[in-house]
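Per-entry structural report
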Amino acid sequence: MTHDPENAIRALANLYRITQAPVHFDRLTELFMTHPPLTRRVRAIAESGAMPAERLSEVIDEMEVRGVVWE
Amino acid sequence: MTDPRASRWITYRRWIHIIMLGTVAAWWALWDFQRGSALIPNPAPRLIWIAPALDKPFLFWVLPIGGIAVAQMVCYSLDKTFLGQRWTVSDILRLACWRTISPTVGLLFVATGFEAIYNRSLVGILWLVAAAILAIVGTSRSRSAEGIKLQLVKGGELYKRAFVLAKHMRVPLKRVYVVPAGRGHLTNAYGLSQSIAVTDNYGKFLSGPELDFVIGHELGHVKAQHGRKKLLIVGTVFAGIALACFFLPPILIPFRPLLDIPVMYRRFLLSIFSLVVLNTPPMRPVLH
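This text gives an overview of the structure that appears in the document. All residue numbers refer to positions counted from 1 along the written sequence of the respective chain. Here the convention is simple: chains get letters from A, ligands get numbers from 1, in the order in which they are written. Residue-level local features of this predicted model are given only where pLDDT is at least 70; pairs of side-chain atoms are given and counted only at 80 or more, and the full residue set underlies all totals for whole chains, interfaces and linings. The basis for every side-chain value is the complete set of heavy atoms in the structure, and neither hydrogens nor water enter the calculation.

Digging into the packing of aromatic side chains
Residue and element names in this part refer to chain B. As a reminder, the rule being used: Only centres within 6.5 Å qualify two rings of Phe, Tyr or Trp (six-membered ring in Trp) as a pair; their planes then separate them into stacked at under 30 degrees, edge-to-face at over 60, and tilted for everything else. Per the convention used, a helix needs a DSSP run of H or I reaching at least four residues, while a strand needs a run of E reaching at least two, with both numbered from the N terminus. The classification of residues rests on relative accessible area computed with a 1.4 Å probe and restricted to protein chains. Under 20% of the type maximum is buried, over 50% is exposed, and intermediate values are partly exposed. When the NZ atom of lysine or the CZ atom of arginine is within 6 Å of a ring's centre and also within 35 degrees of its normal, the charge is said to sit over that ring.
A full pass over the atoms with the stated rule returns six aromatic pairs over all chains. Judged by centre distance (5.7 Å) and plane angle (90 degrees), the rings of W61 and F109 are edge-to-face. A residue pair is termed long-range when its members are at least 10 positions apart, and W61 in helix α2 (residues 55-83) and F109 in helix α3 (residues 89-118) qualify at 48 residues. For F109, a relative accessible area of 18% gives the class buried. For the ring pair F109 and W127, a centre distance of 5.1 Å and an interplane angle of 85 degrees mean the geometry is edge-to-face. With F109 in helix α3 and W127 in helix α4 (residues 123-145), the pair connects residues that are 18 residues apart, well separated along the chain. Residue W127 is classed as partly exposed on the basis of its relative accessible area of 28%. Ring-pair connections join several aromatic residues into one group, and the members of that group are W61, F109 and W127. R13 extends its terminal NZ or CZ atom over the ring of Y76, reaching a point 4.7 Å from the ring centre.

Considerations on the nonpolar core
This is how it is decided: Definition of nonpolar core: a set of buried residues of the types Ala, Val, Leu, Ile, Met, Phe, Trp, Tyr and Cys, connected through side-chain atoms within 4.5 Å. By the convention used here, residues are in contact when the closest approach between their heavy atoms is within 4.5 Å.
The biggest cluster of nonpolar side chains holds 38 residues, and the ones touching the most others in it are A:I9, B:I196, B:Y202, B:I215 and B:L219. Secondary-structure elements contributing two or more residues to this core are α1 (5-19), α3 (38-48) and α4 (53-65) of chain A together with α5 (157-169), β2 (175-179), β4 (195-199) and α7 (208-224) of chain B. Of all the elements, α1(A) adds the most residues to this core, at seven residues. Setting aside residues up to four positions removed in sequence, A:I9 forms contacts with A:V42, A:I45, A:A46, A:M51, A:L56 and A:V59. Grouped together as the second largest cluster of nonpolar side chains are 19 residues, B:W28, B:F60, B:V110 and B:F238 included.

Notes on the packing of α3(B) against α4(B)
Residue and element names in this part refer to chain B. Applied cut-off: Angles here are taken between N-to-C directions and fall from 0 to 180 degrees, while the axes themselves are lines fitted to C-alpha atoms, restricted in helices to the stretch in contact. Here is the rule for angles: anything less than 35 degrees is roughly parallel, anything more than 145 is roughly antiparallel, 65 through 115 is roughly perpendicular, and the remaining ranges are oblique. Classification convention: Asp, Glu, Lys, Arg as charged; Ala, Val, Leu, Ile, Met, Phe, Trp, Tyr, Cys, Pro as nonpolar; all other residues, Gly among them, as polar.
Close contact between α3 and α4 brings their axes to 8 Å; oriented N to C, the two are set at 170 degrees. Taken together, the axes of α3 and α4 lie roughly antiparallel to each other. Looking at the contact of α3 with α4 residue by residue, the classes come out as 18 nonpolar, nine polar and three charged.

Written out as C-alpha cells, the structure is:
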C-alpha cells in the first residue's frame, strides 16, 4: 500500500511496544487471538516488500534499542 | 520497553474470553442434549431451593449471565493493574454490563431462537432478530463505555494524509475521525464503511511515514469491505443453521446440539479452515 516496508515494520513494532501486545505466542493461542503475532507480521511485510534480510535485521536491531523485546 | 507481565495478561485475557464463551456454549449444548437424550440427567430436581417454575430461568439465564458478568468485572479490574488503565468503578460496571450483553446474552437469545425453530415455531425468528439487535446495540454501547467516541475532523495532518493515500489507493473515503485515547489508554485505528478512525495519540508515537502505514492499513479494510463481509458471513452461518434446524429429519434430532458448535466457534473454525485447508495463517487485520 505505502511501498515502504521499513516504516511499516517500525510503525507496527512501535504499536506493539505502546499497547504491550504479545510479540509471539504459540500456534494454539494464535488460533484464538484477534491478530497474528508481531514476528509473523514483520516477516510477511518484509517478504511482500522484497526487503533484504540484512536490512530487516538492522531494522529489528534498531527497534530493540527503542525497547521492543522480540523474544 | 515492553512489559512481559502486561503481554502475558493480554494473552491470558484472550484465553479467559474463550473460556467464558466456551462455558456458555457447553452450558447450552448440555441443556440441549439433556432435553434430547435420557443419557444426561436433568439437574433441575436437585435444586430444591428454587421453585420448579424458576428452574429454567435460573439455570439457563441467571447462572451463565451472572457468572460471566462477575468474570468480566474481575478482568476489567485486573486491566487496571496490568495495563495501567484508569477505569473508574462506574466504567467497570458499564463495561462488564455491555460486554455481557454482547455476546453472552445475545448468544442465549440465539439458543432460545434455535430451540423454538427446532420445535417448528416461527417465534424463533423473532428471537434471532432480537439477538442481532442486541449484538449491534451491545457492541456499540460497549465501545462507547471503552471511550470510543468518534469525532469528525475536517483538516490537519491525519485528514490530508488519509485523503492523499485514499486517492492513491482508489478508496472511496468520505470521512476521517479521531477517537480520544481516554481512560482506557486506547491506541488503535479502525476501518469503517467509507471512513477511517484513529486514536488521537498516534501522532505522539508514530512519525509521518509510519502513520501512513496505519492509515493505509485501515483504507485496506474500507476497500475490501471487511465490515460488510463479516456481517454477511455471520448472517449466512446463522440463517443456514436456522434452516438446518427447521428441516432436520427426526432421526437426526438427538444430534442437533452439534449444530450449536459452528455458531459458538465460527472464528475458531474459520482459523482451522484457514490453517489446515488453505495452509495459510489466519491473517486478520493488523489493527482493528
